[in-house]
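So you can see what is in the structure, the chains are spelled out below.
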Amino acid sequence: MKLEGLALHRVGLRMRRSVGTSAGTHRERPVLFVQVVTDEGEGWGECGALAGGTPVDPPLERLWGDLTSGGADRLLVAARARGGRLPASSQVQSLFNADPAGQLASGAMEMALLDAELRSAGRSLTEHLGGSVNGAGVPVGAVVGIPPDHRLDLVLAAVDDLVEAGCRRVRLKIAPGWDVQPLAAVRRAHPGLALQADANGAYRWGATGVRDARRLVALDRFGLVCLEQPLPAPDLPSHAELAALLETPVCLDESLGSHRRLVDALRYGACEVACLKPARLGGIEAVRQAQALCLSSGVPAFVGGLFETGLGRAANAAAATLPGFTLAGDLTSPDEYLEVNPCPYPEVRGGRLHPPATPGVGSAPDPEVLDRYGLERVWIPYDG
Ligand code: MG
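Here the structure is a predicted model, which means the values were calculated and not measured.

(A) Quick peek at the state of the cysteines. Taken as a whole and judged by the stated rule, the model has 0 disulfides. Unpaired in terms of disulfides, Cys-167 finds its nearest cysteine sulfur in Cys-226, a separation of 14 Å. Owing to a relative accessible area of 13%, Cys-167 belongs among the buried residues under this scheme. With no disulfide partner, Cys-275 has as its closest neighbouring cysteine sulfur the one in Cys-251, 5.6 Å distant. Taking the relative accessible area as the measure of exposure, Cys-275 reaches 1% and is therefore buried.

Following this line, the structure appears as structure tokens:
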């Protein structure tokens, strides 16, 4: 495929309601789309960066700045070296730095190229990955944030709604002081629910964290699927100590920013369940390798979400068909959390969905929504 140019779109979306975590509250959800235009058609990619970032991921503004001020040109330089032909999508990650900003940029660029390749070849992303979907579809998990004013009734109502919709796994956001009470209440209301807790790295360990350690041990009685990212991301040795102490499996999310980190976490015994985010790891190819490593290591994994539109989430749904993803991923419909979802997404029925079977990733922004909510668009032509 010959490159004709790239368009970068920044779109001003918002969450339906704010989602509280121990690391901050998500309200605005601006999205950065990459559109690659070739002589054989186009492809679309979505960047996973959030408005305010996370403790380990840079904010979307930083990504926008990086890509519009030279970052996206890496693709043009690579095409120039090939006489105008695009590199294979599987090579995109090697064009970007192996740091959090580089991996998020790579994730968006790789998705756009892969979408163009697969559309041109007439193959769906699930076919390309070699994933398998049984007749019932891929199971869907969901996240419930920390509510305003710590209102327990809001958490219980949200979990009730999800269970009623057939959701296969519910993940409660927790923080020191907002942990035992909501988990006890949800467990009482739903004794058989696959329940997990996500602390986003908020607890302390060692001499200064004795109180936090007691709190975490107290969570063992709730029969959680796993306790996600209890301690700050860099600290793998302390996660390993905690994993040895708790009956509840320790899951890592923010700690798994690269394949190298996943290898280290598994070697330390710090990661008993893995939350793998394609956007954070650098893209679909990276997440395919990560889930294969988890599978061969006997570590259950699930696809983690970053409140994507239907495009990013369709890619995640296809990834979830890979055999290493043995737990339900964050695959609820974007209509549940975005005021406006510019990209179509498969219907979730009875807590399951079928990833798009159409060529490519199987979703793209609606041009009218892009016009209406678009904040900025930058066109970078390939000039040979
Ligand atoms: Mg998490």
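Structure shown, so let's carry the discussion forward.
(B) Spotlight on the packing of helix 9 (residues 259-268) against helix 11 (residues 284-297). Where helix 9 contacts helix 11, the axes come no closer than 10 Å and their chain directions differ by 15°. As summarised for this structure, helix 9 and helix 11 are arranged roughly parallel, according to the angle between their axes. Considering only the axes of helix 9 and helix 11, their crossing is right-handed. The segment helix 9 lies against helix 11, with His-259, Leu-262, Val-263 and Leu-266 engaging Gln-289, Ala-290, Leu-293, Cys-294 and Ser-297. Class assignment for the residues of the contact of helix 9 with helix 11 results in 6 nonpolar, 3 polar and no charged.

(C) Structural view of the domain arrangement of the protein. You can read the domains of the protein as domain 1 (3-123 + 363-381) and domain 2 (126-353). Contacts between the two partners involve 40 residues from domain 1, matched on the other side by 40 residues from domain 2. Both faces combined, the contact of domain 1 with domain 2 buries some 3300 Å², and carbon together with sulfur accounts for 60% of it. Considering only the surface of domain 1 that becomes buried against domain 2, Arg-16, Ser-22 and Ser-363 emerge as the three largest contributors, covering 17% of it. Here domain 1 and domain 2 share 3 salt bridges between them.

(D) Summary view of the packing of helix 8 (residues 236-245) against helix 9. Between helix 8 and helix 9, the shortest axis-to-axis distance is 9 Å and the interhelical angle comes to 40°. Comparing the axis directions of helix 8 and helix 9 gives the class oblique. Crossing handedness for the pair helix 8 and helix 9: right-handed. For the pair helix 8 and helix 9, the contacting residues are Leu-236, Pro-237 and Ala-240 in the first and Arg-261, Asp-264, Ala-265 and Tyr-268 in the second. Its residues placed into classes, the contact of helix 8 with helix 9 shows 5 nonpolar, no polar and 2 charged.

(E) Looking closely at the pairing of strand 2 (residues 14-21). The sheet contact formed by strand 2 and strand 3 (residues 24-28) spans 4 bridges and is antiparallel. Bridging from a neighbouring strand, Arg-14 pairs with Glu-28 of strand 3. Where strand 2 folds back onto strand 3 in an antiparallel hairpin, the turn is made up of 2 residues.

(F) Representation of the coordination of the magnesium ion. Only Asp-198 (OD), Glu-228 (OE) and Asp-253 (OD) from the protein coordinate the magnesium ion, and they sit 2.1 to 2.3 Å from it. For the magnesium ion, the single-chain donor residues occur in sequence as D-x29-E-x24-D. In this pair, Glu-228 is assigned in strand 9 (residues 227-228) and Asp-253 in the loop between strand 10 (250-252) and helix 9, connecting sequence segments 25 residues apart. For the pair Glu-228 and Asp-253, one class covers both residues: buried.

(G) Expanded view of the layout of surface pockets. In this structure, the second largest pocket spans a volume of roughly 230 Å³. In this structure, the second largest pocket is lined by 15 residues; those nearest its centre are Gln-93, Gln-103, His-259, Leu-281 and Ala-286. Of all elements in the fold, only helix 3 (100-121) and helix 11 reach the threshold of two or more residues within the lining of the second largest pocket. For the lining of the second largest pocket, the element with the highest residue contribution is helix 3, accounting for 4 residues. Summarising the domain contributions, the lining of the second largest pocket has at least three residues from each of domain 1 (3-123 + 363-381) and domain 2 (126-353).

(H) Representation of the pairing of strand 4 (residues 31-38). Counting buried positions over the 8 residues of strand 4 gives 8, a clear majority of the element. Across the two faces of strand 4 the burial is the same, with Val-31, Phe-33, Gln-35 and Val-37 and Leu-32, Val-34, Val-36 and Thr-38 all buried. The pairing of strand 1 (residues 3-11) with strand 4 spans 8 bridges and is antiparallel. Across the sheet, the residue bridging to Ala-7 is Gln-35, located in strand 4. Count of turn residues in the strand 4/strand 5 (residues 41-46) antiparallel hairpin: 2 residues.

(I) Examining the sheet that holds strand 5 more closely. Pairing is antiparallel in the open sheet, where 4 strands are placed in the order 5-4-1-15. The open sheet has two free edges, formed respectively by strand 5 and strand 15 (374-381), since each of these has just one partner strand. When the angles between neighbouring strand axes are averaged without regard to direction, this sheet yields 15°. Packed onto the sheet, helix 1 (residues 60-71) meets strand 1, strand 4 and strand 15 and runs at close to 155° relative to strand 1.

Rules of the game
- Numbering of residues starts from 1 in each chain and follows the order in which that chain's sequence is written.
- With pLDDT at 70 or above as the cut-off, local features in this predicted model cover only qualifying residues; side-chain atom pairs require 80 or more to be listed or tallied, and sums for whole chains, interfaces and linings still use all residues.
- Processing note: side-chain calculations cover all non-hydrogen atoms of the structure and skip hydrogens and water entirely.
- Our working definition of a disulfide is a cysteine sulfur pair at a distance within 2.5 Å.
- The cut-offs for exposure are 20% and 50% of the maximum accessible area for each residue type, with area from a 1.4 Å probe on protein chains only; residues under the lower value are buried, those over the upper are exposed, and the others partly exposed.
- Axes here refer to lines fitted to C-alpha atoms; in helices the fit is confined to the stretch in contact. Angles between the N-to-C directions go from 0 to 180 degrees.
- Helix and strand assignments come from DSSP, with helices taken as H or I runs of at least 4 residues and strands as E runs of at least 2, each series counted from the N terminus.
- Under this scheme an angle from 65 to 115 degrees is roughly perpendicular, one under 35 degrees roughly parallel, and one over 145 degrees roughly antiparallel; angles in between are oblique.
- Working rule for handedness: look at the near helix, and if it is turned counterclockwise from the far one by less than a right angle, call the crossing left-handed; if clockwise, right-handed.
- Should any heavy atoms of two residues lie within 4.5 Å, those residues are considered in contact.
- Put simply, Ala, Val, Leu, Ile, Met, Phe, Trp, Tyr, Cys and Pro go in the nonpolar bin, Asp, Glu, Lys and Arg in the charged bin, and everything else, Gly too, in the polar bin.
- Where each domain begins and ends follows an automated or database-derived domain assignment.
- What counts as buried area is the accessible surface, traced by a 1.4 Å probe, that two parts surrender upon association, with contributions from both included.
- Between Lys or Arg on one side and Asp or Glu on the other, a salt bridge is scored when a side-chain nitrogen of the former is within 4 Å of a carboxyl oxygen of the latter.
- Here the rule is simple: two strands pair whenever DSSP picks up at least two bridges between them.
- Here a donor is an N, O or S atom found within 2.8 Å of the metal, or within 3.2 Å if the metal is Na, K or Ca; sites may look incomplete because water is not among the atoms.
- The method works on a 1 Å grid over the protein atoms by themselves. A cavity is a set of points holding a 1.4 Å probe that cannot get out, a pocket is an open set with protein on both sides within 12 Å along at least five of seven lines, and residues with an atom within 4 Å of a point line them.
- Grid points are joined across faces, edges and corners, and a volume is the space filled by probe spheres set on the points.

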